[in-house]
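# Structural overview
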Amino acid sequence: MRRSVSMVLVAAVLAAAGLQPAADAAAKLRVIATIPDLKALTEAVGGDLVEVESLARGNQNPHDLEVRPSLMVKLRRADALVVNGLELDGWADAVLRGANNPAVIPGAAGFIDASRGVPVIDVPTSRVDRSMGDVHPYGNPHYTFDPGLAPIVTQTILEGLARLAPGQRATFERQRQAFVARLESALGRWQAALTPLREARLVVYHNNLGYLFNRFGLTQLGAIEDRPGIPPSPAHLARLVREMKEARTRVVIVLESWSDRKLAARLAEETGARTAIINAKLGTFSGPEAYISSMDANVTALAEAAR
Amino acid sequence: MRGSVIVAVWLTSVLGPGLAGAQDADALRRELDQLRRQQEQYQKAIEALGERLKRLESQPAPAAVAPVPATTVTQTPAGPGPTTAPPSLTELARPRQPFSLYGERRQGQFLLDFGVVGDFVGNITQRNVEQATGGTFAGRENRFFPREIELMFFGQIDPYARAEVRIEAAEEFEDGARELHVGLAEANLTLLTLPGGTQAKLGLIRNRFGLLNERHREALPQTDQPNVLTQFLGEEGLRESGAEVSWVAPLPFYLEALAGVFNGDNDVAFGRGSLKAPLVTGRLRTFFELAEISAIQLGISGASGETPDKRRSTLAGLDLKYKLTPEGWRHALLTVAGEALYSDRRVEVFDDAGASEDRTRRRWGWYAYGEVQPWRRWLGGVRYDWTQYPVDPGREWAVEPYIAFLPSEFLRFRLAYKHTDRSHRFTGPDDRGSARVFDEVLFQATFFLGAHPSHPF
């Protein structure tokens, strides 16, 4: 009898131990972000109260993601979806259609468009069409590259999370304020590290780093893609090479992990430019420090190219 | 006197410019003072505006009163210069209303998306095939024609449903005459907020039966649809009016189940066209990621209905698709896919004496293709077809290598060669021509104008 009681007790303790994480997980908000930067910013606001996954991996171009059913599985049980908006992650619409989750469709409380309130740059002021390539008619959607805009983005995320868990608003606000304070401190560090790069001229692959360059006072010389989403023409490359050679200062080609590195290497060889790869570690960090760590890695890559 | 004149001339020539210079300097000084005063006025105005902005921003943000606000994007002029001082973090961190409840719609902003797809195909084949109207595009052999010009409207109706309407114009061949037909390709609504992970789609639908039936012709992986689909479902494929319910299982892997009830209007496989003897469809689809760079999708489908002469017709399908997308690539390097269809159909047959009896025809067919896209703009592949005919005796096979050139995401050109081998003589109207073994060159130009919904996997 005594042995049976002991066994029941042990089983109860084991069951309780086994159930605890499940109970914790159940209490957390399940959030899906479309891109790793938004995952990182959501983690900064949500902390331990959220469980965040990104649909795009760090090494994937967020413009045109292959819509796999595995993404729909992630979204199927989510409480919230954080999208970048401004037509960067339009593919999320196809994921939403296949996920059958009414909690996160546009119009539902769990749908958070992080671009709300962001001062968008490069908004076309004249008529646009596809002769200009795959243009973003609502402006440059790559605002997560600018750490100075993270306070606005995290405020929007906070409002979304607080809609789903109003009782946790104070905690979200406290975590956001702590994140912003850390970010402010890091921003000074990044400004100092990138000061030498102000003398250089930067060449990007895709015209998406305007927010980052504006923030740190960097100057863009040109883009390898003359029209977004369309492979560059030989004439454009020849013109770009000429401009890079005539720059009379250090030229740095800034790439992302999914850019055409062979082409960039050819340009670098021909012009003597240096190459910096940013977002190489995107998505490899997690937790409240992920965004700052990711920016740290980007700043380090840029600063090294300036030496 | 003469000396006085000389002195006067000398004084005028020397002192004149000096006096004029002094007058210019005074004028410049006055202008500078005026500019300085203007600058001070501007400075004061900027400071007053800044104070006003701070006062407005320091007001507490109102509580969220609606689940999802309307879009309002604060715009700044394009590309401020590198020296533009951005707002401080403290200012940006201050609580604010991140959006307004109603955003004024900008020029060109609509409540729905719309786009146009133009799909033009052409083919060149032997004269006897044209006479027999036995080519891939029956009745349009040796022609270049608009196969599908499609006008699409899609978007959210309200928070609970979305809609999709497609109107198409196409050249068709009927009773020996070529005509341009305009019709409704699809018009349906999807209820998005049903409980238990379900969605319901109602209206005129391209059925999610098998791998390719759901796709419009411009989105097919090759210029023409696989022979087995043409033989078993007709050139238009399975496009039905009715309702379809889908459910995504709450499992760690993807499993989608769907069931539908339709009129049964497809005149090749069903055709009864009545809800008293409806066409019932079902599909199960699952998906596995083999690694980050490769994934496989498997599906089984079924459809059962009645033919116009009230005889049972059942179709079953099995499909598979594999994609390999190397790390960092924007497109798949390798795609391999295939589909098999099985038909079980009751038919009325007549003997030589004219007596009829019911028999069961069990037929099947399949196709498989492999496609390689080593460069962003170029891809190539090959498809193999083998199929029996669902009612008549005989079978056919075909092989179709192809290449495609994609200048951009919105423009595509394809060129294919297709060799078809039938087990029987295929003759056209008035027993003219024959298309038993034949070759075709197929070409295609497709454009996508405006919005276009993305296709999953």
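Residues numbered from 1 in each chain as written. Chains lettered and ligands numbered in written order. Predicted model: local features only at pLDDT ≥ 70, side-chain atom pairs only at ≥ 80, totals over all residues. Heavy atoms only, no water.

## Details of the overall build of chain A
To keep it simple, the criterion reads: Counting from the N terminus, the helices are the DSSP runs of H or I reaching at least four residues and the strands are the DSSP runs of E reaching at least two. Think of it in three bands: with a 1.4 Å probe and only protein chains considered, a residue is buried below 20% of the maximum accessible area for its type, exposed above 50%, and partly exposed in between. Residues are treated as being in contact if the distance between any of their heavy atoms lies within 4.5 Å. Reported accessibility uses the Shrake-Rupley method at a 1.4 Å probe radius. Residues are deemed covered only where the shown protein chains occlude them.
For chain A, the count of helices and strands is 10 helices and eight strands. Along the three orthogonal principal directions, the C-alpha set of chain A runs to about 90 × 40 × 35 Å. Buried positions account for 57% of the 307 residues belonging to chain A. For chain A, contacts bridging at least 24 residues in sequence account for 65% of all contacts bridging at least 6. For chain A, the exposed surface amounts to about 12,300 Å²; the carbon and sulfur share of it is 54%.

## Points about the sheet that holds strand 3 (residues 80-83) of chain A
Residues and elements named next belong to chain A. In plain terms, the rule: By this definition, two strands are paired if DSSP reports at least two bridges between them. In this analysis, axes come from line fits to C-alpha atoms, helices being fitted only over the stretch in contact, and the angle between any two N-to-C directions falls in the range 0 to 180 degrees.
Strand order in the open sheet formed by four strands is 2-1-3-4, with parallel pairing between adjacent strands. Either end of the sheet is taken by a strand with one partner, and the two such strands are strand 2 (50-54) and strand 4 (111-113). Mean inter-strand twist for the sheet, computed between neighbouring axes without regard to direction, equals 20 degrees. Here strand 3 runs beside strand 4; their pairing, made up of three bridges, is parallel. Bridge pairing in strand 4 links Val83 to Asp113.

## Focus: the confidence of the model for chain A
All names here are of chain A. Convention followed: Scored from 0 to 100, pLDDT reflects the predictor's confidence in each residue.
Within chain A, residue pLDDT values average 87, and 92% of them lie at 70 or more. Summarising per-element confidence for chain A, the mean pLDDT is lowest in helix 1 (residues 2-27) (48) and highest in strand 3 (98). Residue range residues 8-24 is modelled with pLDDT below 50. Its contacts to residues more than four positions away, or to other chains, number zero contacts.

## Brief notes about the nonpolar core
Residues and elements named next belong to chain A. How we decide: Joining through side-chain atoms within 4.5 Å is the link that ties buried Ala, Val, Leu, Ile, Met, Phe, Trp, Tyr and Cys residues into a set, and such a set is a nonpolar core. Boundary definitions for the domains trace back to an automatic or database domain assignment.
Counting 62 residues, the largest nonpolar core has Phe179, Trp190 and Leu197 as the members making the most contacts within it. Here this core spans two domains, since at least three of its residues come from each of domain 1 (2-187) and domain 2 (189-305). If we ignore the near neighbours within four places in the chain, the residues touching Trp190 are Pro147, Leu183, Phe216, Ile292, Met295, Asp296 and Val299.

## Things to note about the pairing of strand 5 (residues 201-204) of chain A
Side-chain positions along a regular strand alternate between the two faces of the sheet. Residues and elements named next belong to chain A. Formally: By convention, orient the strands away from the viewer: a clockwise path from the first strand over the helix to the second makes the crossover right-handed.
As paired elements, strand 5 and strand 6 (residues 219-223) share four bridges and run parallel to each other. Its bridge partner lying in strand 6, Leu202 is registered against Gln220. Since strand 5 and strand 6 lie parallel, the crossover through helix 7 (residues 210-216) that links them has a hand, and here it is right-handed.

## Notes on a nonpolar patch on the surface
Residues and elements named next belong to chain B. Stated precisely, the cut-off is as follows: The residues that make up patches have over 30% relative accessible area and no salt bridge, and they are joined within 9 Å when like-charged or within 5 Å when they are Val, Leu, Ile, Met, Phe, Trp or Tyr. What makes a salt bridge here is a side-chain nitrogen of Lys or Arg within 4 Å of a carboxyl oxygen of Asp or Glu, nothing more.
Taken together, the side chains of Ile124, Trp375, Trp378, Ile403, Leu415, Tyr417 and Val441 define a hydrophobic patch exposed on the protein surface, amounting to about 700 Å² of accessible area. Inspection of the secondary structure puts Trp378 in strand 13 (residues 378-388). A relative accessible area of 41% places Trp378 in the partly exposed class.

## Description of the sheet that holds strand 7 (residues 251-256) of chain A
Residues and elements named next belong to chain A. Taken together, four strands build an open sheet; the order of strands is 6-5-7-8 and the sheet is parallel. Bordering the open sheet on either side are strand 6 and strand 8 (274-278), each of which pairs with just one other strand. The average angle at which neighbouring strand axes cross in this sheet is 30 degrees, direction not considered. Where strand 7 meets strand 8, five bridges bridge the pair, whose relative direction is parallel. Its bridge partner lying in strand 8, Val254 is registered against Ala276. Relative to the sheet, helix 9 (residues 261-271) contacts strand 7 and strand 8, its axis offset from that of strand 7 by approximately 175 degrees.

## Structural notes on helix 8 (residues 234-245) of chain A
Let me state the cut-off plainly: A helix is expected to span 1.5 Å for every residue after the first.
Taking 1.5 Å per residue, 12 residues should reach 16 Å; helix 8 of chain A reaches 16 Å between its end C-alpha atoms and fits that length. If you follow the buried residues of helix 8 of chain A, they end up packed against strand 5, strand 6, strand 7 and helix 9 of chain A.

## A word on the domain arrangement of chain A
Residues and elements named next belong to chain A. Here is the rule: As used here, buried area is the combined drop in accessible area, with a 1.4 Å probe, of two parts when they are placed together. N or O atoms closer than or at 3.5 Å make up a polar contact, with two conditions inside protein: a donor-capable atom paired with an acceptor-capable one, and, for residues adjacent in sequence, both atoms drawn from side chains.
What the domain assignment lists for chain A is domain 1 (2-187) and domain 2 (189-305). Once you take the C-alpha centre of each, domain 1 and domain 2 turn out to be 27 Å apart. With 37 residues of domain 1 in contact, the opposing surface of domain 2 contributes 33 residues. Of all residues in domain 1, the largest losses of buried area upon contact with domain 2 belong to Phe145, Ala186 and Leu187, amounting jointly to 23% of the total for that side. There are two salt bridges connecting domain 1 and domain 2. For Arg215, the salt bridge is made with Asp146, and the minimal N-O distance between the two is 2.6 Å. For the interface between domain 1 and domain 2, the tally reads 14 residue pairs in polar contact (both at pLDDT 80 or more). Here the side of domain 1 that touches domain 2 gets seven residues from one element, more than from any other, and that element is helix 2 (residues 36-46).

## Some thoughts on the packing of helix 2 of chain A against helix 5 (residues 150-164) of chain A
In a pair of packed helices, the angle between the axes and the distance between the axes together describe the arrangement. All names here are of chain A. Put simply, the rule reads: Crossing handedness: left-handed means the near helix sits turned counterclockwise from the far one by under a right angle, and right-handed means the same turn made clockwise.
Running from N to C, helix 2 and helix 5 point in directions that differ by 65 degrees, and their axes come no closer than 9 Å. Handedness of the helix 2/helix 5 crossing: right-handed. Of the residues in helix 5, those touching helix 2 at Leu38, Leu41, Thr42, Val45 and Gly46 are Ala150, Val153, Thr154, Ile157, Leu158 and Leu161.

## A short note on the side chain of B:Glu171
All names here are of chain B. Along the polypeptide, Glu171 turns up in strand 3 (residues 161-174). Among the polar contacts made by the side chain of Glu171, one reaches the side chain of Arg143 at a distance of 2.8 Å. Apart from the residues within four sequence positions on either side, Glu171 is in contact with Arg140, Arg143, Phe145, Pro146, Arg178, Glu179 and Leu180.

## Describing the layout of surface pockets
Residue and element names in this part refer to chain B. Defined as follows: Definitions used throughout: a 1 Å grid over protein atoms alone; a cavity as a set of points that fits a 1.4 Å probe which cannot get out; a pocket as an open set with protein on both sides within 12 Å along at least five of seven lines; a lining residue as one with an atom within 4 Å of a point. Grid points are joined across faces, edges and corners, and a volume is the space filled by probe spheres set on the points.
Of the pockets and cavities examined, the second largest pocket occupies roughly 1,300 Å³. If you trace the second largest pocket, you find 46 residues lining it, with Thr230, Gly234, Glu235, Glu236 and Val268 closest to the centre. At the level of elements, strand 3, helix 4 (227-233), strand 6 (239-248) and strand 15 (411-422) are the ones that each hand at least two residues to the lining of the second largest pocket. No other element matches the five residues that strand 3 contributes to the lining of the second largest pocket.

## A look at the packing of aromatic side chains
Note the threshold: Pairing of aromatic rings covers Phe, Tyr and Trp, the last counted by its six-membered ring, and requires centre-to-centre distances within 6.5 Å; plane angles under 30 degrees mean stacked, over 60 mean edge-to-face, and any other angle means tilted. Whether a charge sits over a ring depends on NZ of Lys or CZ of Arg being within 6 Å of the ring centre and within 35 degrees of the ring normal.
Taken as a whole, this structure holds 12 aromatic pairs over all chains when the rule is applied. With a centroid separation of 5.7 Å and 75 degrees between ring planes, the pair formed by B:Phe137 and B:Phe145 is classed as edge-to-face. For the ring pair B:Trp364 and B:Trp386, a centre distance of 5.4 Å and an interplane angle of 45 degrees mean the geometry is tilted. Taken as a pair, B:Trp364 in strand 12 (residues 356-372) and B:Trp386 in strand 13 lie far apart in primary sequence, 22 residues in all. Ring pairing ties together the aromatic residues B:Phe120, B:Phe144, B:Phe443 and B:Phe447, which thus form one cluster. The side chain of A:Arg130 reaches across the aromatic face of B:Phe410, ending 3.8 Å from its centre.

## Regarding the pattern of salt bridges
All names here are of chain B. Under the counting rule described, the total for this entry stands at 44 salt bridges over all chains. Note that Arg217 and Glu168 form a salt bridge whose closest N and O atoms lie 3.8 Å from each other. Pair noted here: Arg217 is in the loop between strand 5 (198-206) and helix 4 and Glu168 is in strand 3, with a separation of 49 residues, a long-range link. Judged by its relative accessible area of 8%, Arg217 falls in the buried class. A cluster of three or more residues bridged by salt bridges with shared partners is formed by Glu148, Glu168, Arg217, Glu236 and Arg239.

## A closer look at the confidence of the model for chain B
Atomic detail in the predicted coordinates should be set aside for any region of low pLDDT. Residues and elements named next belong to chain B. Chain-level statistics for chain B give a pLDDT mean of 83 and a share of 80% at 70 or above. In the model of chain B, helix 2 (residues 89-93) stands out as the element of lowest mean pLDDT, 56, in contrast to strand 13, which has the highest, 98. Segment residues 14-21 is flagged for pLDDT under 50; beyond a separation of four residues in sequence, or across chains, it makes two contacts in the model. Low pLDDT, under 50, characterises residues 95-105; the stretch is placed with 32 contacts to residues that sit more than four places away or in other chains. For this predicted complex, the interface score ipTM comes out at 0.77, alongside a pTM of 0.77.

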